[in-house]
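What follows is each chain in one-letter form.
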Amino acid sequence: MVYISSIMAKKPELMPGTLDMLILKTLTRAPLHGYGIALSIKTLSDEILTVEEGSLYPALQRLLLQGWVKAEWRRTDTNRRARYYTLTAAGRKQLTAERSHFEQMISAIARVMQDAKE
Amino acid sequence: MKFTFFKRLALLFRREKFNQELEEEMAWHRDQKSQDLQSAGTSPDDAHHAARREFGNDLHLREQSQDVFSFWFETTLQDFRFALRQLRKNPGFALTAILMLALGLSVSVAIFAFVDGALLKPIPFKDPQQLLGVYEEANQCLYCNLSYPDYLDWKKLNKSLTALEVYDHNQFTLNTPSGAEPIFITRVSDGFFRVLGITPILGRDFYAGEDLLSAPRTVMLSYAAWQKRFGGKPEVIGQTVILDDNPTVIIAVLPKDFHFAPAEPAEFWATLHPERGCDLRRSCHGLYGVGRMKDGITMQGALSEFKDIAAQLTKQYPDSNTGQGANVEVLSEVIVGPYRPLLLMLLAGAGLLLVIAGVNIASLLLVRSEARKREFAIRNALGAARIRLMRQFMTEGLLLVLIGSALGLLFAYWTIHILTLLIPTNLLLKTPFFLDLGLTPHVLVFTAFITLLFAILFFVTPTLRLSLGRTRDSLAEGSRGSAGNAWRFLGSKLVVLELATAVVLLVSAGLLGKSLLLMLRTPIGMQPDHLATIQLTAPDKSYPKSPDQLALARRLYAELSAVPGVKSVAFSSDIPINGWGDTTWIHILGRPWHGEHEDVPERDVTPEYFSTIGAKLVRGRPFVETGRPFVDNEDPSQPHEVIINQAFERKYFPGEDPLGKQLSYMSPKSIPMEIIGIVEDIKEGQLDTENRPALYFPLNQSPSTFLNAVVRTSTSDHAMIPALISAVHRLDPNIATSAGTTFTDIIEDSPSAYLRRTSAWLIGGFAAFALILGVVGLYGVIAYSVSQRTREIGVRMAIGAQRTTVYKLVLKEAGYLTTLGIVMGLASAIAAATLMKDLLFGVRSWDVPTLAAVAIVLSAASLLASFIPAHRAASVDPVEALRSE
């Protein structure tokens, strides 16, 4: 669940339902741990998109349950135990579906906004 | 979806590991973040806090993550476990609430089981809504018996019924290996079982025409008689029994669950076989009708047709049918109608008790949620979602309701059985719908309904209270102030309701108890103590003619008088406190007759009858033994003798002296009867009936093989009964004798007394509970109010208030609530008593002594209940009170 908090009101809020898609996207390049996913989202969005970091975990459980990601414990560079998430084939399919859905929505919104400007 | 189900299932058993890993993962995340921040130059402390802050509420997040993988019931189970812990921590509250609930529920459910058995369940016959009871109507008798010839005409002439059948209720003598035994037999017309839709489980139904004199005598067995007398053997079909000296063939056994209440108790079901005098006379009424309406016929339609037929018969047979109308009633009403007022009153009483239990529980919940308001606020502030907390309250309430209801259902099961056991056997036979009561589907649905009401109460009360207050206010406020006031406002309203309900029940119980006492003390014109009675039926074959029967009566008199301990012996055709039936149609000689139908009860008695039962002759003389039977005396110059009661004198001879006046039966050949005496009214019918005109004839004018022996004893009447029965059997072992009873028992067990005793005891029990609960409720309100005001009282005392002022302060509050409760209760009680006026006897619904007594009892109890907290308030140490908090 995306946390919509009044504390973070200054930063743009994440659109509901997009967190799962963002997580899946960050995992396309390489397996990552939860903290890595959070960092990745933050840097890729030029620090515009911020999620309450903890809220990644319920979302990750959802993705695990659906079989879209796999999890395994690995050693990090600093030789500590961390849980890495890998995208599965089903996850890849899901990402494609969500992406096209998302793009349709964005373009639809854009068209409406364009019209409103004129 | 199956896929995710198995994943969940797999995790269900590795929950521990899952949680550990999740925690580890989250902790690592925060550590990593904190380290990264520190490498960027943040101080370790700030980095640690920032990492935690940006991560969010980890407990909440962990719960959310777990929820993804858990089944819906897991959180519910968790809630239940938590609720159990909460209740165990506060056993006083849990126990009180559960017991209160179980008690209120069990009483209501048990009474409902009786209501269901009698009033809601259809009577156990085919298409019962089509069945009618069919009666003749005569003066003072709305639902009177049919005569056999009238029945035949009604059956032939009517077009509204598919069938009209009749039954009566008889006592026959059965020859058994151990001697003659009187048994109850119901005689029916041949289609009786077909009209009810009952098929024997063994043997065959009566065939058409089997009820005629020409057909051989046959009989069906009730299931109970089959088991008791014939060991349940199927070979019983075709066997012959001797009933009233007549060989009779057993042709069938009736189903186990067949009971026809108006004709019960009956061991044998025989055909009419009309051969005796009464069956053949149009003026002799001894049968009840039951008919089935054709499709599309209404009860009104059937009634008007029968009224027409009755009018037609009156024209045709004016001698016998003048004044004979017709009446019908739905059969289910015939069967259960008499029990409706009692049952509904008891249900109302149980309902009131339920209200009190509910109110007490609501008060308990209010106090508890008051106490938990702070806990709620703290948990809310610590991040527990509001909805989750609500759910927890709901679970707690639900748990209490479930335990309480289960316990209540168990209590109800016992209560039903105990109450059924308390019904005397002979009454139970007449109320077969009370036989197989238990936790039937109807009863369970009712229980579920009440449980639901309680569940709503348990849920709504605390949430209402909790959602009123804001979290921050509650945290700030502590235990004093506005919330306490709010509770006092609501709680005190509830206790008024409770006290008022207790008043209603107390007044009802008082009125019923008083009715019972007044009824048992009502003058019955005789002395019932030390008076035993036995029914005797002598075989017709041994005593066929009147002189034989008269001789038998004299020998019985001599034999019984000789038993040691017997003071005097008399015989009568009917005994008192039985019914105003057995009537005869009379005419006062010398007065014009315009077709009036004067039907009055008549009793044939021996000369010693009045002195034996302790009745007083007001004027005139008693019968004397003339030594000469009048029966065959056809000399009209020698009039018969009759004694009338005072009601007869009041009605037919106002301002006249009846002595020496003459009466006659409504028959041209009747011999005149001279009034020789006037006896004080003897209560021939039920205790709650008005006295009616009645006639007493000397037994030797019309002797019979059926006699009631009435014996006054010098020692215990109960103990004498066996000696009396063996004296009769010494004379003739073939005389069937009833078990025998005493008049004290007859009065105690009479339906009118039983009805009021039962209701008085049950409502009294309800009232006692209500009083206790109401007073405890009041105590709770006052005690709580005092505890809330300890500080205020301390301040008052510190600035100089006297202890008496404090007493006054507390007692004034209690007095106000009590007065309000009593006033509201008394008003409702008068209304309630008006509704149950059928059950009252000799008291009005606004019986002042009862109302006053209840008001005093309740005031005293309330004073006591509020004195304890008042005393506590007055002993408050101002210093302590101010220091607390």
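Residues numbered from 1 in each chain as written. Chains lettered and ligands numbered in written order. Predicted model: local features only at pLDDT ≥ 70, side-chain atom pairs only at ≥ 80, totals over all residues. Heavy atoms only, no water.

Engineer: Which residues make up the overall build of chain A, and what are the values?
Structural biologist: Looking only at helices and strands, chain A features four helices and three strands. Start at the N end of chain A and walk to the C end: the helices and strands fall as α-β-α-α-β-β-α. Within chain A, buried positions represent 42% of all 118 residues. Accessible surface, chain A: about 7000 Å² in total, of which carbon and sulfur atoms supply 57%. (Helix = DSSP H or I, 4+ residues; strand = E, 2+ residues; numbered from the N terminus. Buried < 20%, exposed > 50% of the residue type's maximum accessible area, 1.4 Å probe, protein only. Areas by Shrake-Rupley, 256 points an atom, 1.4 Å probe, with all protein chains shown as cover.)

Engineer: Tell me about the pattern of salt bridges, and please be specific about residues and values.
Structural biologist: All names here are of chain B. For the structure on display, the rule yields 31 salt bridges over all chains. The salt bridge involving Glu 54 is made with Lys 33; its shortest N-O contact spans 2.7 Å. Of this pair, Glu 54 sits in helix 3 (residues 44-55) while Lys 33 sits in helix 2 (residues 15-39); the two residues are 21 residues apart in sequence, bridging distant segments of the chain. Owing to a relative accessible area of 29%, Glu 54 belongs among the partly exposed residues under this scheme. (Salt bridge = Lys/Arg side-chain N within 4 Å of Asp/Glu carboxyl O.)

Engineer: Now, about the interface of chain A and chain B: what can you tell me, with residues and values included?
Structural biologist: Residue-level contacts link 26 residues of chain A with 26 residues of chain B. Overall, the association of chain A and chain B removes approximately 2400 Å² of surface from exposure, summing both partners, and the carbon and sulfur fraction of that is 57%. Of all residues in chain A, the largest losses of buried area upon contact with chain B belong to A:Tyr35, A:Tyr57 and A:Leu65, amounting jointly to 30% of the total for that side. Where chain A packs against chain B, one counts five salt bridges. Residue B:Asp31 is joined to A:Arg80 by a salt bridge in which the shortest nitrogen-to-oxygen separation is 3.5 Å. Linking chain A to chain B there are eleven residue pairs in polar contact (both at pLDDT 80 or more). Those elements that place two or more of their residues in the side of chain A that touches chain B are helix 2 (34-44), helix 3 (56-66) and strand 3 (81-87) of chain A. Among the elements that make up the side of chain A that touches chain B, the one with the highest residue count is helix 3 of chain A (eight residues). The residue makeup of the side of chain A that touches chain B, split by class, is eleven nonpolar, eight polar and seven charged. (Contact = heavy atoms within 4.5 Å. Buried area = accessible area lost by both parts, 1.4 Å probe. Polar contact = N/O pair within 3.5 Å; in protein donor to acceptor, adjacent residues only side chain to side chain. Nonpolar A, V, L, I, M, F, W, Y, C, P; charged D, E, K, R; others polar.)

Engineer: Give me the lowdown on the pairing of strand 19 (residues 640-645) of chain B, citing residues and values where you can.
Structural biologist: Residue and element names in this part refer to chain B. Across the six residues of strand 19, six count as buried, placing the element largely inside the fold. The alternating pattern of strand 19 places His 640, Val 642 and Ile 644 and Glu 641, Ile 643 and Asn 645 on opposite faces, both of which are buried. Here strand 19 pairs with strand 21 (residues 673-679) via six bridges, running parallel. Looking across to strand 21, one finds that Glu 641 is bridged to Glu 674. Inspection of the sheet shows strand 19 paired to strand 22 (residues 695-698) by two bridges, in the antiparallel sense. (Pairing = 2+ DSSP bridges.)

Engineer: Can you lay out the packing of aromatic side chains for me, pointing to particular residues and giving the numbers?
Structural biologist: This structure, assessed with the given rule, holds 29 aromatic pairs over all chains. Relative to B:Tyr151, the ring of B:Tyr148 has its centre 6.2 Å away and its plane inclined at 45 degrees; by these criteria the two rings are tilted. Taken as a pair, B:Tyr148 and B:Tyr151 lie in helix 7 (residues 148-157) at a separation of three residues, close to a single helical turn. You'll find B:Tyr148 and B:Tyr151 in the same group, each marked buried. One aromatic cluster is present, formed by B:Phe125, B:Tyr135, B:Tyr143, B:Tyr167, B:Phe192, B:Phe193, B:Phe206, B:Phe258, B:Phe260, B:Trp269 and B:Tyr288 through successive ring pairs. Between A:Arg81 and the ring centre of A:Trp73, over which it is positioned, the NZ or CZ distance is 4.1 Å. (Phe/Tyr/Trp six-rings, centres within 6.5 Å; stacked < 30°, edge-to-face > 60°. Lys NZ or Arg CZ within 6 Å of the ring centre and 35° of its normal.)

Engineer: I'd like a description of unusual backbone geometry, backed by residues and values.
Structural biologist: The general pattern is negative phi for most residues beyond glycine and trans for most peptide bonds. All names here are of chain B. Omega for the peptide link from Glu 264 to Pro 265 comes to -5 degrees, which places this bond in the cis form. Phi at His 530 is positive, roughly 55 degrees, even though this residue is not glycine. Even without a glycine there, the phi angle at Ile 577 is positive, about 55 degrees. Its location among the elements puts Ile 577 in the loop between strand 15 (566-572) and strand 16 (583-588). For Ile 577, a relative accessible area of 4% puts it in the buried group.

Engineer: An account of the domain arrangement of chain B is needed here, citing residue identities and associated values.
Structural biologist: In terms of domain boundaries, chain B breaks down into domain 1 (5-70), domain 2 (140-322), domain 3 (340-521 + 752-884) and domain 4 (539-734). Between the C-alpha centres of domain 1 of chain B and domain 3 of chain B there is a distance of 51 Å. (Domains from an automatic or database assignment.)

Engineer: Break down a nonpolar patch on the surface for me, citing the residues and quoting the values.
Structural biologist: Residues and elements named next belong to chain B. Where nonpolar side chains cluster on the molecular surface, the patch consists of Leu 410, Tyr 413, Trp 414, Ile 418, Leu 422, Leu 439 and Leu 444 and spans about 650 Å² of accessible area. Sorting elements by how many residues they give to the nonpolar patch places helix 15 (residues 386-422) first, with five residues. Within the secondary structure layout, Leu 410 lies in helix 15. Judged by relative accessible area, which is 39%, Leu 410 ranks as partly exposed. (Patch = residues over 30% accessible without salt bridge, like charges linked within 9 Å, V, L, I, M, F, W, Y side chains within 5 Å.)

Engineer: Describe the side chain of B:Glu602, and please don't skip the residues or the numbers.
Structural biologist: All names here are of chain B. For Glu 602, the location among the structural elements is in strand 17 (residues 599-605). For the buried Glu 602, no salt bridge exists, and the shortest N-O distance to an oppositely charged side chain is 7.3 Å, to Arg 603. In this structure Glu 602 touches Ser 573, Asp 574, Asp 582, Thr 583, Thr 584, Tyr 665, Leu 695 and Phe 697, once residues within four positions along its chain are discounted. (Lys, Arg positive; Asp, Glu negative; His and termini not counted.)

Engineer: How would you sum up the pairing of strand 17 of chain B? Please name residues and give values.
Structural biologist: Residues and elements named next belong to chain B. With six of seven residues buried, strand 17 is to be regarded as a mostly interior element. Across three bridges, the pairing between strand 16 and strand 17 is antiparallel. Looking at strand 17, one finds that Thr 583 is bridged to Pro 601. Relative to strand 22, strand 17 is paired through four bridges, and the arrangement is parallel. Its bridge partner being in strand 22, Arg 603 is matched across the sheet by Tyr 696.

Engineer: Give a detailed account of the sheet that holds strand 2 (residues 69-75) of chain A, specifying residues and quantitative values.
Structural biologist: Residues and elements named next belong to chain A. The antiparallel open sheet is built from three strands, whose spatial order is 1-3-2. Strands with a single pairing partner mark the edges of an open sheet, and in this sheet they are strand 1 (32-33) and strand 2. Pairing between strand 2 and strand 3: seven bridges, direction antiparallel. Residue pairing for strand 3: Val 69 is matched across the bridge by Leu 87. Along the sheet, helix 3 makes contact with strand 2 and strand 3, crossing strand 2 at roughly 115 degrees. (Axes fitted to C-alpha atoms, helices over the stretch in contact; angles between N-to-C directions.)

Engineer: Give me the packing of helix 2 of chain B against helix 4 (residues 58-69) of chain B: which residues, what numbers.
Structural biologist: All names here are of chain B. Where helix 2 meets helix 4, the closest approach of the two axes is 11 Å, and the angle between their N-to-C directions is 140 degrees. Taken together, the axis directions place helix 2 and helix 4 in an arrangement best described as oblique. Regarding helix 2 and helix 4, the two cross each other, and that crossing is right-handed. Together, Arg 15, Phe 18, Asn 19, Leu 22, Glu 23, Met 26 and Arg 30 of helix 2 and Asp 58, Leu 61, Arg 62, Ser 65, Gln 66 and Phe 69 of helix 4 make up the contact between the two elements. Residues that form the contact of helix 2 with helix 4 fall into these classes: five nonpolar, three polar and five charged. (Parallel < 35°, antiparallel > 145°, perpendicular 65-115°, else oblique. Left-handed = near helix turned anticlockwise from the far one by under 90°.)

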